[in-house]
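# Structural overview for review
Now for the letters of each chain:
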Amino acid sequence: MAGKTAGELTPSPRSIIDGSEAASVVDTCCLGRYGLSRFVVSLSVDAATAKRFTRTCRMETIWRRKIVPAVLVVTALIVLAHVVDSVRNDAQHMGVTLLITLILAFTVLAGRLALNLLHSRHHPKEVRGNVYIRGVDGETAKVWTSLNPAGAIKIIGG
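Everything quoted here is computed from the prediction, not taken from an experiment. Throughout this description, residue numbers start from 1 for each chain and increase along the sequence as written. Local features in this predicted model are restricted to residues of pLDDT 70 or higher, and side-chain atom pairs are both shown and tallied only at a pLDDT of 80 or more, whereas totals for entire chains, interfaces and linings draw on every residue. Note that the side-chain values use all heavy atoms of the structure and ignore hydrogens as well as water.

## Looking at helix H4 (residues 138-146)
Burial classes: relative accessible area under 20% of the type maximum marks a residue as buried, over 50% as exposed, and values in between as partly exposed (1.4 Å probe, protein chains only). Every helix listed is a DSSP run of H or I at least four residues long, and every strand listed is a run of E at least two residues long, numbered separately from the N terminus. All of the buried residues along H4 are Thr 140, Ala 141 and Trp 144. Looking down the long axis of H4, one finds its buried residues gathered within 100° of arc, a one-sided arrangement. Turned more than 90 degrees away from the buried face of H4 sit Lys 142 and Ser 146, all of them exposed. Looking at the packing, one finds that the buried side of H4 touches strand S2 (35-45). Each C-beta atom gives one direction from the helix axis, and the arc is the one those directions make. Every residue pair with non-hydrogen atoms within 4.5 Å of one another is taken to be in contact.

Structure representation (structure tokens):
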């Protein structure tokens, strides 16, 4: 579906996960290439998936608003310390800044990996202006398509 219409879609009354009738509708963020995208989609899912969507959106928001700026500040301080150590020709402190840089890089990569593992397989993803949702129940996808304007939702695959 096109991202600009994603927030305006009528959600299916059946769960996108397994087609069950007992589904709650949740507004969830879409994930982009670098964390959150600007799109929001209303999806019918079970309670566990709704909690997972909410937790993922909250953690991605924290990552973007708090972790990334903190890492940038620490990186700037490390670069500054490295420049000062280079000017002073202080090899011992340059080794310490290199070690801190490696620890920071490892920590950021481990944090990003942990955050990616938190994502549900069904979480909407925005790619080049389109929103994709994997693993939608086939019958639910057909019902969902019939509830919305022609072309708003495209079924890809089986």
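## Here's the deal with the side chain of Ser 37
The residue Ser 37 is located in strand S2 in this model. A 3.5 Å cut-off defines polar contacts: any pair of N or O atoms within that distance qualifies, except that in protein one atom must be a possible hydrogen donor and the other a possible acceptor, and neighbouring residues in sequence count only when both atoms are side-chain atoms. A distance of 3.3 Å separates the side chain of Ser 37 from the backbone nitrogen of Phe 39, its partner in a polar contact. Not counting chain neighbours up to four residues away, the residues in contact with Ser 37 comprise Cys 30, Leu 31, Gly 32 and Glu 126.

## A look at a nonpolar patch on the surface
Together, Val 73, Leu 77, Leu 80 and Val 84 line one region of the surface with nonpolar side chains, adding up to about 360 Å² of accessible area. Among the structural elements, Leu 80 can be located in helix H2 (residues 47-88). Judged by its relative accessible area of 51%, Leu 80 is exposed. Within the patch definition used here, like charges are joined within 9 Å and nonpolar side chains (Val, Leu, Ile, Met, Phe, Trp, Tyr) within 5 Å, considering only residues with over 30% relative accessible area and no salt bridge. Only the protein chains shown count as covering a residue, and every accessible area follows the Shrake-Rupley method with a 1.4 Å probe. Salt bridge, as used here: a side-chain nitrogen of Lys or Arg that lies within 4 Å of a carboxyl oxygen of Asp or Glu.

## Digging into unusual backbone geometry
A negative phi angle is the norm for most residues apart from glycine, just as the trans form is the norm for most peptide bonds. One non-glycine residue with positive phi stands out, namely Arg 128, at about 50°. Within the secondary structure, Arg 128 is located in the loop between strand S3 (125-127) and strand S4 (130-132). Residue Arg 128 is classed as exposed on the basis of its relative accessible area of 81%.

## Looking at the state of the cysteines
Any two cysteine sulfur atoms within 2.5 Å of one another count as a disulfide. Inspection of the entire model under this criterion finds one disulfide. In this model, Cys 29 is linked to Cys 57 through a disulfide, with the two sulfur atoms separated by 2.0 Å. Handedness of the Cys 29-Cys 57 disulfide follows from its S-S torsion of about -95°: it is left-handed. Linking Cys 29 in strand S1 (residues 24-32) with Cys 57 in helix H2, this pair joins segments that are 28 residues apart in sequence. As far as the burial class goes, Cys 29 and Cys 57 line up, both buried. Of all cysteine sulfurs in the structure, the one in Cys 29 sits closest to Cys 30, which takes part in no disulfide; the separation is 7.0 Å. A relative accessible area of 0% places Cys 30 in the buried class.

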